[in-house]
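What follows is each chain in one-letter form.
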Amino acid sequence: MDPDNGDVTSERCDVRGFFPLIGVLVPLALVQFGTDLSEQSVNTVISRGSTDASPAVLSAFTSSFFIAKFAAGGMLFMRPLALVPVETREDVKLATTIFIVLAAFFTCLMVFIALSPVGVLVSGVPDSGAVCRAFLASSLIPATDGCYRFLQGLLLRRRLVSWCTFGALVDVSCMAITTILVIKFGKVSPSYVQFLAVVPLYVGRAAHLSVLSLGLIRHPNYLTRGRDESELMAINAARDAEGVVVETNNGLTLSFAVKFAYPLMLADLAQRLSRPVVNGFVAHTQGP
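Residues numbered from 1 in each chain as written. Predicted model: local features only at pLDDT ≥ 70, side-chain atom pairs only at ≥ 80, totals over all residues. Heavy atoms only, no water.

Chemist: Describe a nonpolar patch on the surface, naming the residues involved and giving the relevant values.
Modeler: On the surface, L115, L136, V188, Y192 and F195 cluster together to form a nonpolar patch covering roughly 460 Å² of accessible area. Looking at the element boundaries, F195 is found in helix 9 (residues 193-197). (Patch = residues over 30% accessible without salt bridge, like charges linked within 9 Å, V, L, I, M, F, W, Y side chains within 5 Å. Areas by Shrake-Rupley, 256 points an atom, 1.4 Å probe, with all protein chains shown as cover. Salt bridge = Lys/Arg side-chain N within 4 Å of Asp/Glu carboxyl O. Helix = DSSP H or I, 4+ residues; strand = E, 2+ residues; numbered from the N terminus.)

Chemist: Tell me about the pattern of salt bridges, and name the residues and values.
Modeler: Within this structure, the stated rule accounts for 3 salt bridges. Linking D145 and K69 is a salt bridge whose minimum nitrogen-to-oxygen distance equals 3.3 Å. Here the residue D145 occupies a position in helix 7 (residues 141-157), and K69 occupies one in helix 2 (residues 55-72), the gap between them amounting to 76 residues. As far as the burial class goes, D145 and K69 line up, both buried. Among the ionic pairs, R205 bridges to D171, the shortest N-O distance being 2.9 Å. Highlighted residues: R205 in helix 10 (residues 199-218) and D171 in helix 8 (residues 161-185), separated in sequence by 34 residues. Exposure remark for R205: the relative accessible area of 2% places this residue in the buried category. Connected via shared salt-bridge partners are K69, D145, D171 and R205. (Buried < 20%, exposed > 50% of the residue type's maximum accessible area, 1.4 Å probe, protein only.)

Printed below as a string of structure tokens:
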């Protein structure tokens, strides 16, 4: 409606404005597809390669894989952390430190569960050897998930969408090819089938991380030419002199990272707990 003469005017939507949004959503969709495919590839290898494995081995691996993916939810915020509040070199250093600390913590936690009686307690499997091997096989899942999310955030921050898309495609392709090769040629002892099951997942993650790392190496300006605090303060001062209201950037702090992270972690916690809660409810309420 034209406010001057009351005529109705037709406005044509410019679809070109959606292209940048689509460019961001495509790699995220591919990553989610790769995450779902990783679980299916693990299930496929386990079902095809564990015909002689004992129920204790399968139960231990099921528990360890669930706990590993559950722990990986603690690294979920690394992508938005790198994408939104990281603006300076100092922010990148702090975010990298947070990632390294969390990755080491979750990896050590999985190893501790594997080597201690806690593994038998949380899995409910009395075979301590099967539990140890299962948790060791899954111990790197939280760190690898957090790493590719963090690198993706750094690349998306600089709008290097093509690298993220290519990395996700390489991840899915390598995972699918490795799954086929493992099913056809992979032969291990039934007691060690847990290590065979995670091979496609780790191969895909390694390829994905290689592509993302190459993207950062090819575009080092993110780490070397980022505006530092003094430059940001000068820009804010110039805008303030022109009468533009701006907020002073105090940089990323640990307290801000915690406030930024815990809602995302709680949301992922609720999502991952919903499935076992529903399964447990159905199992306990099912009639004879």
